[in-house]
Amino acid sequence: MATQLSNNANDTLPWVEKYRPVELKDVVGNSETVERLRVIAQSGNMPNLILTGAPGIGKTTSILCLAHALLGPSFKEAVMELNASDDRGIDVVRNRIKMFAQKKVTLPAGRHKIIILDEADNMTPGAQQALRRTMELYSNTTRFALACNLSGKIIEPIQSRCAILRYGKLTNEQVLRRLVEVCRAESVEYSPDGLEAVAFSADGDMRQAVNNLQSTASGFGFVSQENVFRVCDQPHPVVIRAMLESCGQGDVDKAVACISSLWNQGYSAVDIVTAVFRVVKVDDRLDEDKKLKFIREIGITHMRIVDGLQTLAQLQGLVARLCKLALPPSAFAV
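For every chain, the first residue of the written sequence is number 1, and numbering continues from 1 along that sequence. pLDDT decides what is reported in this predicted model: residues at 70 or higher carry local features, side-chain atom pairs at 80 or more are listed and counted, and totals for whole chains, interfaces and linings draw on all residues regardless. The side-chain figures draw on all heavy atoms in the structure; neither hydrogens nor water molecules are used.

Novice: What am I meant to see in the pattern of salt bridges here?
Specialist: A side chain of one charge can pair with a side chain of the opposite charge when the charged atoms of the two come close. Any Lys or Arg side-chain nitrogen found within 4 Å of a carboxyl oxygen on Asp or Glu counts as a salt bridge. All told, the structure shown has 14 salt bridges when counted by the stated rule. The partner of Arg 20 in a salt bridge is Glu 17, and the shortest N-O contact between them spans 3.2 Å. Exposure classes here rest on a 1.4 Å probe applied to the protein chains alone. A residue is buried below 20% of its type maximum, exposed above 50%, and partly exposed in between. Classification of Glu 17 by relative accessible area gives partly exposed; the value is 37%. In this structure, Glu 35 engages Arg 38 in a salt bridge whose closest nitrogen and oxygen atoms are separated by 3.0 Å. Of the two residues, Glu 35 and Arg 38 are both situated in helix H2 (residues 31-43); the distance of 3 residues between them amounts to about one turn of the helix. Here a strand is any run of E in DSSP of at least two residues, a helix any run of H or I of at least four, and the numbering for each starts at the N terminus.

Written out as structure tokens, the structure is:
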């Protein structure tokens, strides 16, 4: 999610809303996908759309920008948005959505009313079946835009009626550029490692990055690495790096002590293994072959934890296997 900086925005708004863009050119990242939306905005010929990707990367924002570009002053009366907080069972499709599709609205030639369904992958199968029929009946006057995290949860008949746009996570560089602009607009004092910590904790989610930035700035007045991790309450990367360094040296006892200290601080197994993965992914000290082997072991452990084995023993076993990977085969010769 990108933002359009505006000094006239309401100061009481959360920054994530205050700096939400209104034009497609302001959207950060996913340039090829956004370019397709720009072409649609220029031609005015909008198909039904499915926008799929991780949370906080600009799906809903993009479609709202497209609707503004297509409809202009008619935006308020010609756009209906339903999100995950709304009941979207079959009754909503048969009543609210159908009534809006039937409503007469004066629009420029070639333009259509737009119905935006956020978190569409949470709709019930019955509601999706009813929506398919509604999309057919009102195709002359109404277009649908479905934003979802997993397009596979949308039934095939709807997928075949839509153009699918896929969004990827934002890079840390893209997030950092936007955070710097927000800091300058809000006169927030920061250190470079503080903004890097915000980007690291967000993991490509611009919405979370801006929220974490605002929380740190309002809570401490200065965005530093230490303050960011106190606000986000995630396992500190310094501890994770110390653990990985011990694994690289084959020092099992020291590595286990690091992972056990995180566990004793109250972090869940999922929090810890996720943090380990993020640090390994960006750790330049590991060569490519060793990094891939580490990630494979972390993935196996993460799968076991998600299946319910959320114990310290799983994390200690992961550490032992990482130490084993770092040692030469001769160390295990009998």
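Alright, that's what it looks like, and here's the rest.
Novice: Looking at this model, I keep getting lost on the sheet that holds strand S1 (residues 49-52). Mind explaining?
Specialist: Sheet strands associate in pairs through backbone hydrogen bonding, adopting either a parallel or an antiparallel arrangement. A pair of strands is treated as paired once DSSP finds two or more bridges between them. The parallel open sheet is built from 5 strands, whose spatial order is S2-S3-S4-S1-S5. Edge positions in the sheet fall to strand S2 (79-82) and strand S5 (163-166), since each has one partner strand and no second. The sheet shows a mean angle of 15° between the axes of neighbouring strands, taken without regard to direction. Pairing between S2 and strand S3 (residues 113-117): 4 bridges, direction parallel. Each residue of the ladder has a partner; that of Glu 81, found in S3, is Ile 116. Between N-to-C directions, angles span 0 to 180 degrees; the directions come from axes that are lines fitted to C-alpha atoms, helices contributing only their stretch in contact.

Novice: Hey, could you run me through the pairing of S3 in this one?
Specialist: In summary, the side chains of a regular strand alternate between the two faces of the sheet. When you tally the buried positions in S3, you get 5 out of 5 residues, the bulk of the element. Of the two faces of S3, the one holding Lys 113, Ile 115 and Leu 117 and the one holding Ile 114 and Ile 116 are both buried throughout. Pairing geometry for S3 and strand S4 (residues 142-148), over 5 bridges, is parallel. Its bridge partner being in S4, Ile 116 is matched across the sheet by Ala 145.

Novice: Would you mind going over helix H13 (residues 252-264) with me for this structure?
Specialist: Because each turn of an α-helix spans 3.6 residues, side chains separated by three or four positions in sequence point in the same direction. Taking 1.5 Å as the rise per residue, H13 with 13 residues should run 18 Å; its terminal C-alpha atoms sit 18 Å apart, in good agreement. Listed in full, the buried residues belonging to H13 are Ala 255, Val 256, Cys 258, Ile 259, Ser 260 and Leu 262. Contacts are assigned to residue pairs with any non-hydrogen atoms lying within 4.5 Å of each other. Where H13 is buried, its residues meet helix H12 (237-248), helix H14 (269-282) and helix H16 (312-326). Two residues or fewer after H13 comes Gly 266, characterised by a positive phi angle close to 105°. Multiplying one less than the number of residues by 1.5 Å gives the expected span of a helix.

Novice: Whenever I open this one, the domain arrangement of the protein chain confuses me. Can you help?
Specialist: Interface size, as often reported, equals the accessible area lost upon joining of the parts. Domain start and stop points were drawn from an automatic or database domain assignment. Domain assignment breaks the protein chain into domain 1 (15-167), domain 2 (172-232) and domain 3 (237-327). Once two parts are put together, the accessible area they lose, assessed with a 1.4 Å probe and summed over both, is termed the buried area. Counting the surface lost from both domain 2 and domain 3, the interface buries some 480 Å², and carbon and sulfur atoms represent 61% of this. Ranking the residues of domain 2 by area buried against domain 3 places Phe 200, Asp 203 and Phe 229 at the top, with a combined share of 81%. Across the salt bridge formed by Arg 278 and Asp 203, the nearest N and O atoms sit 3.6 Å from each other. Pairing of N or O atoms within 3.5 Å defines a polar contact, subject to two protein rules: one partner must be a possible hydrogen donor and the other a possible acceptor, and residues neighboring in sequence count only if both atoms are side-chain atoms. In this assembly, domain 2 and domain 3 are joined by 1 residue pair in polar contact (both at pLDDT 80 or more). Looking at the side of domain 2 that touches domain 3, the elements with two or more residues in it are helix H9 (192-202) and helix H11 (225-232). Each residue belonging to the side of domain 2 that touches domain 3 can be placed in one class, and the counts come to 2 nonpolar, 2 polar and 1 charged. In this classification, the charged set is Asp, Glu, Lys and Arg, the nonpolar set is Ala, Val, Leu, Ile, Met, Phe, Trp, Tyr, Cys and Pro, and all remaining amino acids, among them Gly, are polar.

Novice: Help me understand the pairing of S1, please; the structure alone is not making it clear to me.
Specialist: Residues Leu 49 and Leu 51 point to one face of S1 and Ile 50 and Thr 52 to the other, with burial holding for every one of them. Sheet topology note: the S1/S4 ladder contains 4 bridges and is parallel. Paired with Leu 51 across the strands is Ala 147, a residue of S4. Examined bridge by bridge, S1 and S5 share 4 bridges and lie parallel to one another. Bridging from a neighbouring strand, Leu 49 pairs with Ala 163 of S5.

Novice: For this particular structure, what's the right way to read the state of the cysteines?
Specialist: Linking two cysteines covalently through their sulfur atoms gives a disulfide. Any two cysteine sulfur atoms within 2.5 Å of one another count as a disulfide. This structure, assessed with the given rule, holds 0 disulfides. No disulfide involves Cys 65; its sulfur sits 19 Å from the nearest other cysteine sulfur, which is in Cys 148. Counting only cysteine sulfurs, Cys 247 is the nearest neighbor of Cys 258, a cysteine outside any disulfide, at a range of 8.4 Å. What makes Cys 258 buried here is its relative accessible area of 14%.

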